[in-house]
Amino acid sequence: MKKFSKYILLFVAAIAVSSCDDYLDITPIGRVIPETLDQYRAVLTQGYVTYPEHKSLTAVRTDELTMNEFSDEINVYRDIYLWKDINPDRITTTFQYQDLYTVIFYTNVIINEASQKLAESPEKRQLVGEAYALRAMAYFDLINLFAKPYNVATSGSDKGVPLALEIDLEQVFVPQSVEVIYNQIISDTNEAKNLINIDTQTKGINYRFSKAALYTLESRVYLYQQQWQKSLDAANKALSINSNLVDLKATSVFATKYDSKESILALEDGYINGLKGASYASPDLIAAFSKTTDLRFPLYFLASGSRFRIQKGGNDDQKCTFRTSELYLTKAETSLKLNKLADAKTTVLEFIKNRYTAAGYTQLESDINAMNAADLTNFILEERHREFAVEGQRWFDLRRTSQKQIVHTFDGDNYTLMQNDPRYTIAIPANVRLNNPNL
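Residues numbered from 1 in each chain as written. Predicted model: local features only at pLDDT ≥ 70, side-chain atom pairs only at ≥ 80, totals over all residues. Heavy atoms only, no water.

Enquirer: For this particular structure, what's the right way to read the overall build of the protein?
Expert: Of regular secondary structure, the protein possesses 17 helices and 12 strands. Relative to the compact-globule value of 22 Å for 439 residues, the protein shows a C-alpha radius of gyration of 21 Å, a close match. Taken along its principal axes, the extent of the C-alpha atoms in the protein is 60 × 50 × 45 Å. Partitioning the contacts of the protein with sequence separation of at least 6, the portion at a separation of at least 24 is 72%. For the protein, the computed accessible surface area is about 17,700 Å², with 49% contributed by carbon and sulfur atoms. (Helix = DSSP H or I, 4+ residues; strand = E, 2+ residues; numbered from the N terminus. Rg over C-alpha atoms; globule rule 2.2 N^0.38 Å. Contact = heavy atoms within 4.5 Å. Areas by Shrake-Rupley, 256 points an atom, 1.4 Å probe, with all protein chains shown as cover.)

Dropping the structure here:
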């Protein structure tokens, strides 16, 4: 995949990160004011480049991984693995709260400045539309990391995160409610829908938002809000642009690759190399797969003694934020929630015929056709567990559904995240809270 840095024009908007007193910790130094479309494109490209790898860190908190206690990198991840969010070891990697706001800073430059300065053109509209979409995604990740899961009954009072829509480093940043942040996310996606005019991006620059990517984001947002019909409608719009699935019976290739027929937005790495060396697949994750009929098993995992290494992720060619598999499973889940059991079964079967051996599919087809709504719900969620292993979706899925109990073993001791544990909401990093007492 072409490296993002190839697209950065160094003369544009030199923004440095420093330890100033506001929560963003951003200070503009020697800023050259962008004027042209290319210069503003370079600003937004820097926003894409800055998008952090927090999805990898969420995998450490889930039931997907067992840590390698002898890894040189273990101290970086240990306290995340043990859900020790208060007073972690100083060497512990922190969740990238500030990086997500840095992304928002870049999008605000486009939304507030480029939209006014640039002459009207399809390219300008696409650029500004992407900025709205990227800002929406950054806020979606912030609210799902650092706030309680969306609950229609309590979202108006549940504390969310600060809202920064202007380029003003002197403003006071006070957390808004979960409801306010979700309303802003939806407002931004609506603005983006009026502007984005490219159905799909060319491979190599498909880290940029397109119509298909925007509809997929919208579908995910509404899924988390339990607005089933809106989530289904958005999924169908995305599928009308790209409904391709990798057939693992025909070719054993990662559907997460940026040039895969499934790729919709190739921005994030869900399982970074440092983590690959410090972890194994957990027994829970391995047990979720049929070793004989699930074609993903030999693709995703490699035996290492009695344990399994995970082969997904860790390479630039596996950048993956959205892909068509998610749309099929969202469509199945939302159809079921809308009491469309037959539609949900049809969608599930259309998806899994690409993931299992012929014999495995034949058995599953019989099993699924006999399932009631509760059994099919469990199957769909377990398919998400299998399909999106270490792609950064598991933590968010657990938050929005069962918030199950998880037990991690480290150095002979067991550590437990209880069901509905408050630690399903990650604490804002201590240095950020120190700089902004409002948090």
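Enquirer: Got a minute to help me understand the nonpolar core in this structure?
Expert: Grouped together as the largest cluster of nonpolar side chains are 130 residues, with contacts concentrated most on Phe209, Phe301 and Ile352. Of the residues forming this core, the biggest block, 15 residues, is contributed by helix H5 (residues 122-146). Each residue touching Ile352, except ones within four places of it in the same chain, is listed here: Tyr361, Leu364, Ile368, Phe379 and Glu383. (Core = buried A, V, L, I, M, F, W, Y, C linked by side-chain atoms within 4.5 Å. Buried < 20%, exposed > 50% of the residue type's maximum accessible area, 1.4 Å probe, protein only.)

Enquirer: How should I be thinking about the side chain of Arg394 in this particular structure?
Expert: Secondary-structure assignment places Arg394 in helix H16 (residues 394-400). For Arg394, a relative accessible area of 10% puts it in the buried group. A distance of 2.8 Å separates the side chain of Arg394 from the side chain of Asp63, its partner in a polar contact. Not counting residues up to four positions away in its chain, the partners in contact with Arg394 are Thr62, Asp63, Glu64, Glu382, His385 and Lys404. (Polar contact = N/O pair within 3.5 Å; in protein donor to acceptor, adjacent residues only side chain to side chain.)

Enquirer: I tried to follow the pattern of salt bridges on my own but got confused; where do I start?
Expert: According to the stated counting rule, one finds 31 salt bridges in the structure shown. Between Glu383 and Arg296 there is a salt bridge, with the nearest N and O atoms lying 3.0 Å from each other. With a gap of 87 residues between them, Glu383 in helix H15 (residues 373-387) and Arg296 in helix H11 (residues 296-300) connect regions that are remote in the sequence. What makes Arg296 buried here is its relative accessible area of 0%. For Glu333, the salt bridge is made with Arg400, and the minimal N-O distance between the two is 2.9 Å. Residue Glu333 is located in helix H12 (residues 324-337), and its partner Arg400 is located in helix H16; the two are separated by 67 residues in the primary sequence. By relative accessible area, which is 7% here, Glu333 ends up buried. Connected via shared salt-bridge partners are Glu262, Asp294, Arg296, Lys312, Arg323, Arg355, Glu383, Arg386, Glu387 and Glu391. (Salt bridge = Lys/Arg side-chain N within 4 Å of Asp/Glu carboxyl O.)

Enquirer: Teacher, can you tell me more about the packing of helix H7 (residues 211-224) against helix H8 (residues 228-241) here?
Expert: If you want to describe how two helices pack, look at the angle between their axes and the distance between the axes. Running from N to C, H7 and H8 point in directions that differ by 160°, and their axes come no closer than 8 Å. Between H7 and H8, the angle is such that the two are roughly antiparallel. The crossing of H7 and H8 is left-handed. Contacts between H7 and H8 involve Lys211, Ala212, Tyr215, Thr216, Glu218, Ser219, Tyr222 and Leu223 from the former and Trp228, Lys230, Ser231, Ala234, Ala235, Lys237, Ala238 and Ile241 from the latter. Taken together, the residues of the contact of H7 with H8 sort by class into 9 nonpolar, 3 polar and 4 charged. (Axes fitted to C-alpha atoms, helices over the stretch in contact; angles between N-to-C directions. Parallel < 35°, antiparallel > 145°, perpendicular 65-115°, else oblique. Left-handed = near helix turned anticlockwise from the far one by under 90°. Nonpolar A, V, L, I, M, F, W, Y, C, P; charged D, E, K, R; others polar.)

Enquirer: Would you mind showing me how to read the packing of helix H13 (residues 341-352) against helix H14 (residues 358-369) here?
Expert: Contact pair H13 / H14: the axes reach a minimum separation of 11 Å and the direction vectors enclose 170°. It follows from the interaxial angle that H13 and H14 lie roughly antiparallel. As for the relative orientation of H13 and H14, their crossing is right-handed in sense. Taken together, the residues of H14 that come into contact with H13 (itself represented by Lys345, Val348, Leu349 and Ile352) are Tyr361, Leu364, Glu365, Ile368 and Asn369. Split by residue class, the contact of H13 with H14 holds 6 nonpolar, 1 polar and 2 charged.

Enquirer: So what exactly am I meant to see when it comes to the pairing of strand E9 (residues 307-310) here?
Expert: Each regular strand shows side chains that alternate between the opposite faces of the sheet. Side-chain alternation along E9 places Phe308 and Ile310 on a buried face and Arg307 and Arg309 on a face that remains uncovered. Here 4 bridges tie strand E8 (residues 301-304) to E9, and the two strands are oriented antiparallel to one another. Counted as the bridge partner of Ala303 is Phe308 from E9. Between E8 and E9, which pair antiparallel one after the other, the connecting turn spans 2 residues, and Gly305 there sits at a positive phi close to 70°. (Pairing = 2+ DSSP bridges.)

Enquirer: Sorry, what's going on with the packing of aromatic side chains here?
Expert: A ring pair, where both rings are aromatic, is described by two values, the distance of the centres and the angle of the planes. Evaluation of the coordinates by the stated rule reveals 18 aromatic pairs. Measuring from centroid to centroid gives 5.2 Å for Phe289 and Phe301, while their planes differ by 80°, and the two rings are edge-to-face. Within this pair, whereas Phe289 is found in the loop between helix H10 (283-287) and H11, its partner Phe301 is found in strand E8, the two being separated by 12 residues in sequence. For Phe301, a relative accessible area of 5% puts it in the buried group. Ring centres of Trp395 and Tyr424 lie 4.9 Å apart, and the angle between their planes is 20°; on these two criteria the pair is classed as stacked. Linking Trp395 in helix H16 with Tyr424 in the loop between strand E12 (413-417) and helix H17 (430-435), this pair joins segments that are 29 residues apart in sequence. Accessibility expressed as a relative area gives 1% for Tyr424, which makes it buried. The side chain of Lys312 reaches across the aromatic face of Tyr300, ending 4.2 Å from its centre. Sitting above the plane of the Phe379 ring, Arg386 keeps its charged end 5.6 Å from the centroid. (Phe/Tyr/Trp six-rings, centres within 6.5 Å; stacked < 30°, edge-to-face > 60°. Lys NZ or Arg CZ within 6 Å of the ring centre and 35° of its normal.)

Enquirer: Would you take a moment to explain unusual backbone geometry for this structure?
Expert: The phi torsion of most residues other than glycine is negative, and most of the peptide bonds are trans. Phi is positive for Val390, which is not a glycine, with a value near 50°. Position of Val390 among the secondary structure elements: in the loop between H15 and H16. What makes Val390 buried here is its relative accessible area of 2%.

Enquirer: How should I be thinking about helix H3 (residues 74-81) in this particular structure?
Expert: Given 3.6 residues per helical turn, the α-helix brings residues three or four places apart onto the same face. Counting buried positions along H3 gives 6 out of 8 residues, so the element sits mostly inside the fold. If you check which residues of H3 are buried, you get Ile74, Val76, Tyr77, Asp79, Ile80 and Tyr81. Residues of H3 that are buried make contact with helix H2 (54-61), strand E3 (65-67), helix H9 (273-276) and strand E11 (406-410). Looking one or two residues beyond H3, the residue adopting positive phi is Trp83, at roughly 55°.

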